[in-house]
Amino acid sequence: MSEIQQPITIAQSEMRAINRSAVLEYLRQNKTASRTELSRRLRFSKPTAMRIIDELLAANLVCSAGQKGGGLGRSQELLTLNVQDNLVIGIDLGGSHISGGIANIGGEILHKMKKKQSWGDSADNLERVARFIQELQKEAAKYPGKLLGVALGVPGILDSRENLVKLAPALDWRDFPLLEKLNARIDLPVLVENDVNLAAMGEHWFGAGQGVEHLVMIAIGTGIGAGVILDGKLYRGFRESSGEIGYLLPGLQFLGNKYPDFGAFESIASGKGIAERGQQGWSAANGGNPAPKMDAEAVFKAARECQPWAEKVIGETIEYLTLALANISVTYDPELIIIGGGVAPAIAGSLPAIQERLRGVIPFVPRIEVSKLLGDACILGAVARVFQKTADYAVVQTA
């Protein structure tokens, strides 16, 4: 005899969080709404709607947006997210920089700061990050409003169950308790997230991914990573390493090698990989002489100037990227793939050709676009991440 399935029950506190989230999400997407509209569109009873709205008003997350004229001379108060009074700090830890900013929950960036870095050992890097956050806290004090928290984008694999940075080679963090150490230094709620996951959330809320429920954000910088959003929710994977596409194997020749830090795909298609292959190409084209120091942009510039060694490097890079996009498309079936990171502007002109090459090769070719937010994606992703956490937020889909 089969076991009788027990009905699924939702605790009152969970139901309250779902209802609050539905109201916040509706206001986020529609900007304003009356109590009557919220009750009708979200299918709440009027007492439930009134209670939730009163709670959000008391928490200063929602405020009045004036009056809306109604029938028979009646008017209704419009409600909106209290954008100006709720601020977030977002931090993006790159391979050669640390950048961050202060933004309100409406996605307006009020202040940005960026510093070049030659990262040191794990303890030194922690000290630099903590000081950077504290500088932004001082700057935030100049603005009216409450700081809800800070979210950091870390270039590596995290373990949120153990609150560890499992692997972030650029920062010398391995099984590193970053959250614990920052909580001891920073008097704000702190959230630690994979950097590309944050960027994906930023694009989903404020950039090219608005209104798209299935998307993949690929960041090509010092390394390569992807953030995956399915059914409107961030997808992390069993070990929270979903999107670590820098470890994709671009061909049979990459089997049998070990990649403890940066992966095989990163070694050829990241900014670092393009620069290293560019130097090798220049040297081979110039009788084996040592190549001048160059970055990825220098290689792209040389390709635009029709230098054969650079054209070969960039051509191969686009081919490898096309293979990766094909694999990602058939794995996740996204509606949209967004290309971001420092290399994104340089490959923007190649995206139509990449899409065309994929036609007939894979069943469905997604839209492929360059990030609208570029360097701001991580900062605005922090807005989404912190707001969701501090507002007791749940992803709610409404018909």
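Anything mentioned here points back to the structure above.
Within any chain, residue numbers begin from 1 and follow the written order of that chain's sequence. At least 70 in pLDDT is required for a residue's local features to be given in this predicted model, at least 80 for side-chain atom pairs to be given and counted, and no such filter applies to totals for whole chains, interfaces and linings, which use all residues. In computing side-chain values, all of the structure's heavy atoms are included and hydrogens and water are not.

## A closer look at the pairing of strand β9 (residues 164-168)
Examined bridge by bridge, strand β8 (residues 157-159) and β9 share 3 bridges and lie antiparallel to one another. Bridge assignment links I157 to a residue of β9, and that residue is L167. From the end of β8 to the start of β9, which pair antiparallel, there are 4 residues, and N163 there has a positive phi angle of about 55°. The turn joining β9 and strand β10 (residues 173-176), which pair antiparallel and follow one another in sequence, is formed by 4 residues; a positive phi near 60° is taken by D172. Pairing between strands requires that DSSP locate at least two bridges from one strand to the other. Numbered from the N terminus, helices here are DSSP runs of H or I no shorter than four residues, and strands are runs of E no shorter than two.

## What to know about helix α10 (residues 308-332)
For α10, built from 25 residues, the straight-helix expectation of 36 Å at 1.5 Å per residue is met to within 8% by its first-to-last C-alpha distance of 36 Å. Positive phi shows up at D333, right after α10, with a value of about 50°. The length a helix should cover is 1.5 Å for every residue beyond the first.

## Concerning helix α3 (residues 46-58)
Side chains of residues three or four places apart in an α-helix project in the same direction, reflecting 3.6 residues per turn. Compared with an ideal rise of 1.5 Å per residue, which puts 13 residues at 18 Å, α3 spans 18 Å between its outermost C-alpha atoms and is within 8% of the ideal. At the exit of α3 stands N60, carrying a positive phi of roughly 70°.

## Some remarks on the packing of aromatic side chains
By convention, a stacked pair of Phe, Tyr or Trp rings (six-membered ring in the case of Trp) has centres within 6.5 Å and planes under 30 degrees apart, an edge-to-face pair has planes over 60 apart, and any other such pair is tilted. This structure, assessed with the given rule, holds 4 aromatic pairs. In this structure, R28 is placed above the aromatic ring of W205, and the distance from its NZ or CZ to the ring centre is 3.9 Å. We call a charge positioned above a ring when the Lys NZ or Arg CZ atom is no farther than 6 Å from the ring centre and deviates by at most 35 degrees from the ring normal. The aromatic ring of F262 is capped on one face by K272, whose charged end is 5.9 Å from the ring centroid.

## Quick look at the sheet that holds β8
Read across the open sheet, the 3 strands follow the order β8-β9-β10; overall the sheet is antiparallel. Looking at strand neighbours, the two that pair on one side only are β8 and β10, the edges of this open sheet. Pairs of neighbouring strands in the sheet enclose a mean axial angle of 20°, with direction left out of account. Sheet topology note: the β9/β10 ladder contains 3 bridges and is antiparallel. Each residue of the ladder has a partner; that of V165, found in β10, is F176. In this analysis, axes come from line fits to C-alpha atoms, helices being fitted only over the stretch in contact, and the angle between any two N-to-C directions falls in the range 0 to 180 degrees.

## Section: the pattern of salt bridges
Take a side-chain nitrogen of Lys or Arg and a carboxyl oxygen of Asp or Glu: if they are within 4 Å of each other, that pair is a salt bridge. One pass over the structure, following the stated rule, counts 22 salt bridges. The salt bridge partner of R367 is E335, with a shortest N-O separation of 3.4 Å. In this pair, R367 sits in strand β16 (residues 367-370) while E335 sits in the loop between α10 and β15 (336-340), placing the two residues 32 residues apart along the sequence. Categorising residues by exposure relies on relative accessible area from a 1.4 Å probe, with only protein chains included: less than 20% of the type maximum marks a residue as buried, more than 50% marks it as exposed, and the intermediate range marks it as partly exposed. Here E335 falls in the partly exposed class, since its relative accessible area comes to 41%. Connected through salt bridges with shared partners, the residues E127, R131 and R185 form a single ionic network.

## Some thoughts on the nonpolar core
In terms of nonpolar packing, the biggest core is built from 48 residues, with V23, L38 and F387 touching the most fellow members. Of all the secondary-structure elements, those providing two or more residues to this core are α1 (12-30), α3, β3 (75-81), β7 (146-154), α6 (195-206), β12 (215-220), β15 and α13 (377-390). Broken down by element, the residue count for this core peaks at 9 residues, all from α13. By size, the runner-up hydrophobic cluster in this structure holds 39 residues, among which are I245, W309, A310 and I368. The definition of a nonpolar core used throughout is a set of buried Ala, Val, Leu, Ile, Met, Phe, Trp, Tyr and Cys residues joined through side-chain atoms within 4.5 Å.

## Some details on the environment of E55
With respect to the helices, strands and loops of the structure, E55 is situated in helix α3. Considered as a pair, E55 and R20 are 35 residues apart in the sequence and their alpha carbons are 8.7 Å apart. Among all residues touching E55, those that are not within four sequence positions of it are R16 and R20. Only heavy atoms enter the contact rule, under which two residues are in contact if any of them lie within 4.5 Å.

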